[in-house]
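# Architecture and fold: a report
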Amino acid sequence: MHTIARTPTTDMEVTSIRLERELKDKLKEIAGNQGYQALIRDILWNYVQQKSGEWKPRFSRTDIRASIAATAQQEERCVLTGQVIQPQEPMLLGLTRNGDMVPLSVESLAG
(Lines give C-alpha, C1' and ligand atoms only; values in the text may rest on other atoms or scores of the structure.)
Protein backbone atom coordinates (compact mmCIF):
# COMPACT_ATOMS: atom_id res chain seq x y z
CA MET A 1 0.00 0.00 0.00
CA HIS A 2 1.41 3.38 -0.98
CA THR A 3 1.14 6.41 1.29
CA ILE A 4 -0.85 9.22 -0.28
CA ALA A 5 0.46 12.69 0.52
CA ARG A 6 -2.50 14.64 1.84
CA THR A 7 -1.80 16.93 4.75
CA PRO A 8 1.40 17.67 6.68
CA THR A 9 1.25 16.01 10.08
CA THR A 10 1.60 19.43 11.71
CA ASP A 11 -1.82 20.30 10.22
CA MET A 12 -3.47 17.09 11.47
CA GLU A 13 -5.49 16.70 14.63
CA VAL A 14 -4.33 14.27 17.28
CA THR A 15 -6.83 11.46 17.85
CA SER A 16 -6.57 8.74 20.44
CA ILE A 17 -7.70 5.24 19.56
CA ARG A 18 -7.41 2.10 21.64
CA LEU A 19 -6.06 -0.93 19.81
CA GLU A 20 -5.26 -4.39 21.02
CA ARG A 21 -1.48 -4.86 21.39
CA GLU A 22 -1.56 -7.76 18.90
CA LEU A 23 -3.38 -5.61 16.30
CA LYS A 24 -0.91 -2.75 16.73
CA ASP A 25 2.05 -5.16 16.39
CA LYS A 26 0.56 -6.68 13.22
CA LEU A 27 -0.01 -3.21 11.74
CA LYS A 28 3.60 -2.31 12.47
CA GLU A 29 4.79 -5.49 10.73
CA ILE A 30 2.66 -4.78 7.65
CA ALA A 31 3.58 -1.09 7.53
CA GLY A 32 7.34 -1.60 7.60
CA ASN A 33 9.17 1.67 6.95
CA GLN A 34 5.91 3.46 6.15
CA GLY A 35 4.89 3.47 9.82
CA TYR A 36 1.66 2.07 11.17
CA GLN A 37 -0.04 5.45 11.68
CA ALA A 38 0.39 6.28 7.98
CA LEU A 39 -0.93 2.81 7.14
CA ILE A 40 -4.01 3.37 9.32
CA ARG A 41 -4.61 6.75 7.61
CA ASP A 42 -4.40 5.03 4.19
CA ILE A 43 -6.82 2.33 5.30
CA LEU A 44 -9.28 4.91 6.65
CA TRP A 45 -9.05 7.08 3.50
CA ASN A 46 -9.66 4.00 1.32
CA TYR A 47 -12.72 3.13 3.40
CA VAL A 48 -14.10 6.66 3.23
CA GLN A 49 -13.55 6.86 -0.55
CA GLN A 50 -15.25 3.50 -1.13
CA LYS A 51 -18.25 4.28 1.06
CA SER A 52 -18.69 7.88 -0.11
CA GLY A 53 -18.39 7.18 -3.83
CA GLU A 54 -15.30 9.41 -4.06
CA TRP A 55 -13.13 6.51 -5.17
CA LYS A 56 -9.92 7.41 -7.00
CA PRO A 57 -7.71 4.81 -8.72
CA ARG A 58 -4.40 4.11 -7.00
CA PHE A 59 -3.10 1.68 -9.60
CA SER A 60 -2.62 1.76 -13.36
CA ARG A 61 -2.51 -1.12 -15.85
CA THR A 62 1.28 -0.96 -15.79
CA ASP A 63 1.22 -1.83 -12.06
CA ILE A 64 -0.38 -5.22 -12.82
CA ARG A 65 2.21 -7.96 -13.51
CA ALA A 66 -0.20 -10.87 -13.96
CA SER A 67 -3.85 -11.75 -13.49
CA ILE A 68 -5.88 -14.86 -12.81
CA ALA A 69 -9.60 -15.54 -13.20
CA ALA A 70 -11.63 -15.60 -10.00
CA THR A 71 -15.18 -15.31 -8.65
CA ALA A 72 -16.03 -12.60 -6.14
CA GLN A 73 -17.17 -14.00 -2.79
CA GLN A 74 -18.13 -10.57 -1.48
CA GLU A 75 -18.55 -7.11 -2.95
CA GLU A 76 -15.24 -5.84 -4.33
CA ARG A 77 -14.15 -2.71 -6.18
CA CYS A 78 -11.84 -2.82 -9.20
CA VAL A 79 -8.62 -0.98 -8.35
CA LEU A 80 -8.29 0.32 -11.92
CA THR A 81 -11.81 1.45 -12.80
CA GLY A 82 -13.63 1.70 -9.48
CA GLN A 83 -16.36 -0.57 -10.85
CA VAL A 84 -18.19 -2.52 -8.16
CA ILE A 85 -17.91 -6.30 -8.53
CA GLN A 86 -20.88 -8.08 -6.99
CA PRO A 87 -20.67 -11.41 -5.11
CA GLN A 88 -20.57 -14.43 -7.45
CA GLU A 89 -19.58 -12.27 -10.45
CA PRO A 90 -16.49 -13.21 -12.45
CA MET A 91 -13.47 -11.03 -11.74
CA LEU A 92 -9.70 -11.08 -11.97
CA LEU A 93 -7.10 -11.05 -9.25
CA GLY A 94 -4.17 -8.90 -10.30
CA LEU A 95 -0.64 -9.36 -8.99
CA THR A 96 0.95 -5.93 -8.52
CA ARG A 97 4.61 -4.97 -8.76
CA ASN A 98 4.67 -4.96 -4.94
CA GLY A 99 3.34 -8.51 -4.75
CA ASP A 100 -0.18 -7.57 -3.64
CA MET A 101 -3.25 -9.33 -5.06
CA VAL A 102 -5.90 -6.76 -5.99
CA PRO A 103 -9.45 -7.06 -7.36
CA LEU A 104 -9.97 -6.26 -11.03
CA SER A 105 -13.11 -6.20 -13.14
CA VAL A 106 -12.94 -8.55 -16.13
CA GLU A 107 -13.00 -5.60 -18.57
CA SER A 108 -10.35 -3.53 -16.79
CA LEU A 109 -7.38 -5.07 -18.60
CA ALA A 110 -9.00 -5.21 -22.04
CA GLY A 111 -7.78 -2.94 -24.79
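Cut-off values and rules
Residues numbered from 1 in each chain as written. Predicted model: local features only at pLDDT ≥ 70, side-chain atom pairs only at ≥ 80, totals over all residues. Heavy atoms only, no water. Pairing = 2+ DSSP bridges. Helix = DSSP H or I, 4+ residues; strand = E, 2+ residues; numbered from the N terminus. Domains from an automatic or database assignment. Axes fitted to C-alpha atoms, helices over the stretch in contact; angles between N-to-C directions.

## Comments concerning the pairing of strand β4 (residues 90-96)
- Bridge count for strand β1 (residues 64-71) against β4 is seven bridges, and the pairing is antiparallel. Within β4, the position partnered with I68 by the bridge is L93.
- The pairing of β4 with strand β5 (residues 101-104) spans four bridges and is antiparallel. Looking at β5, one finds that L92 is bridged to L104.

## Quick notes on the domain arrangement of the protein chain
- We note that the domain assignment places domain 1 (19-52) and domain 2 (61-104) within the protein chain.
- Here the C-alpha centroids of domain 1 and domain 2 sit 21 Å apart.

## Considerations on the sheet that holds β4
- Taken in spatial order, the three strands line up as β1-β4-β5 in an open sheet, and their pairing is antiparallel. The open sheet terminates on both sides in strands that have one partner only, identified here as β1 and β5. Strand-to-strand twist across the sheet, computed as the mean angle between neighbouring axes with direction ignored, equals 30°.

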